[in-house]
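Geometric and topological summary
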Amino acid sequence: TIAMLLVAYFIISMTVLSVCAISTNGALDAGGAYYMISRALGPEFGGSIGIMFFLANVCGSALFVLGLVEAILTTFGISDDGSSLTGSGYAALPTGYWWSLLYGTVILLLCVLVCLVGAHIYAKATFLIFIIVMVVLGTIFISFFAVPFRTVQLPGHRNASLGPTSANFTGFKLDTLLGNVQADYVVDYTTGVMMSFATVFAVMFNGCTGIMAGSNMSGGCYLMWKYEFRSYGISVASLCLSGRFLSPAKHTSASGNPWVSVLISWIFVQLVLFSGKLNTIASIVTIFFLLVYAAVDLACLALEWASAPNFRPTFRYFTWHTCVLGIMGCAVMMFLINAIYASASIAFMLLLLLLIHYLSPVSSWGCISQALIFHQVRKYLLMLDVRKDHVKFWRPQVLLMVSNPRCSVGLIAFINDIKKSGLYVLGHVQLGDLDVLPSDPLQSQYDSWLSLVDHLNIKAFVNLTLADSVRHGVQHLLFISGLGGMRPNTLVLGFYDDIPPQDLLQDSSLSICKFTDNSSQTDDPEDQNDPPCHFPPVRGGVSVGRGGVWGGKSMGPQEYVCVIADAVKMLKNVALARYFGQFDRTQALKGPVFVDVWPVNLLRPDSAAYVDTCSLFLLQLACILNMTRAWQKAKLRLFLCVEEGRSLKGTEQKLKHLLKELRMKAEICTVPWDSQVAEEGGVEADKVFANSFPSNTSRVSDEYLQAVNKLILDQTLHPPAVRFLYLPRPPADTNRYHDYLNQLELLTRNLGPTLLIHGVTPVITTDL
């Protein structure tokens, strides 16, 4: 008994320290343990533990009712032969399972009536109850000296084979003390199970669960039952599982009493009463309470480890060591009492946690997981040293520039597949000048972008900037995006063409909301309640809004190529995505799926090399896409362009050897190079090049580009889901930017989803 008390009060003491720390860190509102856990650990833990706490109090209420019934029958019960169970002269009540259930039901109805009337009855009776309890406790100590030696009949059974049927009350005697030093467990007459330290502890610990009474009475919530029914309604509602079946649980009376929840809880307690076995319920109740206590200790531990500046409780007599000891004590005793019940309780709590996490709306309580993640991420970001980067651990870290998410859904989803667990940032430039604006217009837009990320189920960050031009905005984002060793190394842009965009963002929570502009607000109350939307309509006529022109393009072709050139100067890889406006991954992955790779500069037919940095970067991205789970069944086709007069077999063998060293699987398709292009272009082979620019930059004719475009389209019977093409570096002379963009347009015309890629950094190694 002494060992049980020491263990129980050790667990309680550690938990009390945690409760004091949390409760002195701010105002503790109504809700007690549920309020502390949910506000500290977030709605997921709070909701799941709140339901477990509710179940603990449901079972605990049934336990206390059965305990009262057993105490009454011990004194006033009549056995089957008509005698008193304990030999008292006050026997008047019949005994048995159904009689005990009847007595328990009547007692429970009285409790329910009190709850339905309201908490004020209990509040007025608390002082009287306190006096009665203190008097009873006093009589116990007096009896040690006032009551003489006597033999006491033990209740429950009269079978000596199951244990002693009587005991002696001796008062304070040394012989009695020495006789009680050794444990002498017997068979439980209610369950027929041999008792042990753990099973008796489970019964005894229910007398130690009052430490939450003070916190449960916080915020004016004096009746614990009333609070528990309320927490049940909150928790179930937060689960989004209630629907029409449990939605009435949220109804309250005019005074705020949740009477429907009271009735639901009454039904649950009544169901537990049917078990009729106090010791069985006691084990479950103890495990539930130990789980709640462990969660309180965990909440305090998480707050301490998070090192949040706002966690500075006035109660300082605790450390993370006391929290850990409390958690360990609860966990050990849970599994000692009943490993199956403990495992099932934890599994049930984790299931509730996952359901609340995925089904409940976002709360404004704050979540400790965010503080812990911040603490750890900061530490590891400092450890991520860019000076230790190595090519064999390279991964794409992408900055995707999005003009309007409504017409970029397909591209956003595709780049999410190609990032290979790397950094993924959605960037957007809004035109404007902060000097002439009353406030930063981007602050109110982040929620819409984050909702977009959630809606598309992608793993990406959002980075918005305000600039006087798109070019300067992209420069800003390339300079500032990321942190430490996690910075974008690849810039992805949509292709610059005249294809009219289409709105593919049809989700009601994102598409039907109004645009918040000072000039467009109305006095309609219903209109004022609409959620603001910062995704303007797709480009279609000229529509001027705050921040720039939306209807037309926000930059010209010259500036577009300047953005590409800027990225190359900053040693960023560049990818231009064309024909992704209508891209649907689900449709693209139906049937046989092919990914075509052309690792040669098609604008420079005199340099058909496959081993330069850009070509290898092209191969790497295609391979990464093929490694993604959704694209694993896709077949890579690598097109080998061979000039006339060179050995097809020899070149193909070299490429196969290269792919083997690079650990890539691809089908090699040989394509006759200059002669076929010249023939299709209607020119002689030695006149493929029409003019030559300085700096060894060749000017190819439009006929040649159209012939190459036709050659690409004619190569396969099954069109690929996506093509990877070589993107040459923009010319040094800015006057040739228009011509450069026109060449890219002719080259990729009608090719379907295509990525033009220019790599500037080594990304592949054959070393181990």
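Quick caveat, the model's predicted, so the values are computed rather than measured.

1. A word on the overall build of the protein
Helix and strand content of the protein: 27 helices and 20 strands. Buried positions account for 44% of the 768 residues belonging to the protein. Counting contacts in the protein only where the partners sit at least 6 residues apart, residues at least 24 apart contribute 76% of the total. As displayed, the protein offers around 39,400 Å² of accessible surface, 61% of which is attributable to carbon and sulfur atoms.

2. Thoughts on the packing of helix α16 (residues 409-418) against helix α23 (residues 613-627)
Between two packed helices, both the angle of their axes relative to each other and the distance between the axes serve to describe the pair. For the pair α16 and α23, the least separation of the axes is 8 Å and the interaxial angle reads 95°. With respect to α23, the axis of α16 lies roughly perpendicular. Each of F414, D417 and I418 in α16 lies in contact with α23, whose residues at this interface are L621, I624 and L625. For the contact of α16 with α23, the residue count by class is five nonpolar, no polar and one charged.

3. Some details on the environment of F10
By the secondary structure assignment, F10 is in helix α1 (residues 2-23). Separated by 319 residues in the primary sequence, F10 and G329 place their C-alpha atoms 8.0 Å from one another.

4. Regarding the packing of aromatic side chains
Taken as a whole and judged by the stated rule, the model has 22 aromatic pairs. With 5.9 Å between their ring centres and 85° between their planes, F53 and F289 make a pair best called edge-to-face. Here the residue F53 occupies a position in helix α3 (residues 43-76), and F289 occupies one in helix α12 (residues 278-306), the gap between them amounting to 236 residues. Each member of the pair, F53 as well as F289, carries the same accessibility label: buried. Note on F289 and Y293: the rings are 6.2 Å apart at their centroids and 50° apart in plane angle, and the pair reads as tilted. A residue pair is termed a helical-turn pair when its members lie 3 or 4 positions apart in one helix, as F289 and Y293 do in helix α12 at four residues. Assigned by exposure class, F289 and Y293 land together as buried. Clustering of aromatic rings is evident, with ring pairs tying together F53, F197, F201, F205, F289 and Y293.

5. Some remarks on the confidence of the model for the protein
The pLDDT averaged across the protein works out to 79; a share of 78% of its residues lies at or above 70. For the protein, the element scoring lowest by mean pLDDT is strand β11 (residues 544-545), at 30; strand β5 (residues 398-401) scores highest, at 96. Of the regions scoring below 50 in pLDDT, residues 688-697 engages in 21 contacts with residues more than four places distant in sequence or in other chains.

6. Considerations on the sheet that holds strand β7 (residues 461-467)
One open sheet holds the ten strands; their spatial order is β7-β6-β5-β8-β13-β20-β19-β14-β15-β16, and the pairing between them is mixed. Unpaired on one side and paired on the other, β7 and β16 (667-672) mark the two borders of the sheet. Ignoring which end each strand starts from, the neighbouring axes of this sheet average 25° apart. Sheet topology places strand β8 (residues 490-494) next to strand β13 (residues 573-578); five bridges connect them, and they run parallel. Bridge pairing in β13 links G494 to A577.

7. Focus: unusual backbone geometry
One non-glycine residue, K420, adopts positive backbone phi at about 50°. The phi dihedral of N457 is positive, around 55°, even though this residue is not glycine. Turning to its location among the elements, N457 is positioned in the loop between α17 (446-456) and β7. Assessed through its relative accessible area of 68%, N457 is described here as exposed.

8. A look at the pattern of salt bridges
Inspection of every chain in the model, using the stated rule, returns eleven salt bridges. In this structure, D503 engages R406 in a salt bridge whose closest nitrogen and oxygen atoms are separated by 3.5 Å. Of this pair, D503 sits in the loop between β8 and α19 (508-511) while R406 sits in the loop between β5 and α16, placing them 97 residues apart in sequence. The exposure class of D503 is partly exposed, given its relative accessible area of 29%. By relative accessible area, which is 4% here, R406 ends up buried. Taking the shortest distance from any N to any O, the salt bridge between D733 and R736 comes out at 3.6 Å.

9. Observations concerning the UniProt feature "transmembrane region" (unreviewed entry) in the protein
Summarizing the sequence annotation, UniProt attributes the feature "transmembrane region" (unreviewed entry) to residues 6-28, 49-78, 98-119, 126-147, 193-215, 258-274, 281-306 and 318-337 in the numbering used throughout. Helix makes up 95% of residues 126-147 and strand 0%, with an end-to-end C-alpha separation of 30 Å. Annotated as residues 258-274, this span is 88% helix and 0% strand, and its ends, taken at the C-alpha atoms, are 25 Å apart.

10. Topic: the packing of α3 against α12
Following both chains from N to C, one finds α3 and α12 inclined at 145°, their axes separated by 8 Å at the closest point. Note that α3 runs across α12; the crossing there is left-handed. Considered class by class, the residues forming the contact of α3 with α12 number 20 nonpolar, three polar and one charged.

11. Here we look at the nonpolar core
The biggest cluster of nonpolar side chains holds 75 residues, and the ones touching the most others in it are F205 and L290. Among the elements that line this core, the one with the most residues is α12, at 20 residues. Beyond its immediate chain neighbours, meaning those up to four positions away, F205 contacts A8, I12, T286, L290 and Y293. Formed by 61 residues, the second largest nonpolar core is a distinct cluster that contains L456, L621, A634 and V722.

12. A closer look at helix α26 (residues 702-713)
Since the α-helix packs 3.6 residues into each turn, any two residues three or four apart lie on the same face. Across its twelve residues, α26 extends 17 Å between first and last C-alpha, which sits within 8% of the 16 Å expected from 1.5 Å per residue. Those residues of α26 lying buried are Y704, L705, A707, V708, N709, L711 and I712.

13. Here we look at the environment of A371
Relative to the helices and strands, A371 is located in helix α15 (residues 368-383). A relative accessible area of 25% means that A371 is categorised as partly exposed. A371 sits 65 residues away from A306 along the chain, and the two C-alpha atoms are 5.6 Å apart.

14. Describing the pairing of β13
Burial analysis of β13 places six of its six residues in the buried class, the great majority of the element. Side chains N573, A575 and A577 project from β13 onto one buried face, and the interleaved V574, L576 and R578 project onto a second face that is buried too. Direction of pairing for β13 relative to strand β20 (residues 754-758): antiparallel, over a ladder of five bridges. Within β20, the residue paired with A577 across the bridge is L755.

15. Observations concerning the side chain of S61
Structurally, the position occupied by S61 is in helix α3. Classification of S61 as buried rests on a relative accessible area of 7%. One polar contact links the side chain of S61 to the main-chain carbonyl oxygen of N57, over a distance of 2.6 Å.

16. Considering the state of the cysteines
In this structure the tally under the stated criterion is zero disulfides. With no disulfide of its own, C323 lies closest to C300 among cysteine sulfurs, the gap being 3.6 Å.

Rules behind the numbers
Residues numbered from 1 in each chain as written. Predicted model: local features only at pLDDT ≥ 70, side-chain atom pairs only at ≥ 80, totals over all residues. Heavy atoms only, no water. Helix = DSSP H or I, 4+ residues; strand = E, 2+ residues; numbered from the N terminus. Buried < 20%, exposed > 50% of the residue type's maximum accessible area, 1.4 Å probe, protein only. Contact = heavy atoms within 4.5 Å. Areas by Shrake-Rupley, 256 points an atom, 1.4 Å probe, with all protein chains shown as cover. Axes fitted to C-alpha atoms, helices over the stretch in contact; angles between N-to-C directions. Parallel < 35°, antiparallel > 145°, perpendicular 65-115°, else oblique. Nonpolar A, V, L, I, M, F, W, Y, C, P; charged D, E, K, R; others polar. Phe/Tyr/Trp six-rings, centres within 6.5 Å; stacked < 30°, edge-to-face > 60°. pLDDT = per-residue confidence, 0-100. Pairing = 2+ DSSP bridges. Salt bridge = Lys/Arg side-chain N within 4 Å of Asp/Glu carboxyl O. UniProt positions renumbered as here; feature names shortened; annotations may be inferred. Left-handed = near helix turned anticlockwise from the far one by under 90°. Core = buried A, V, L, I, M, F, W, Y, C linked by side-chain atoms within 4.5 Å. Expected span 1.5 Å × (residues − 1). Polar contact = N/O pair within 3.5 Å; in protein donor to acceptor, adjacent residues only side chain to side chain. Disulfide = S-S within 2.5 Å.

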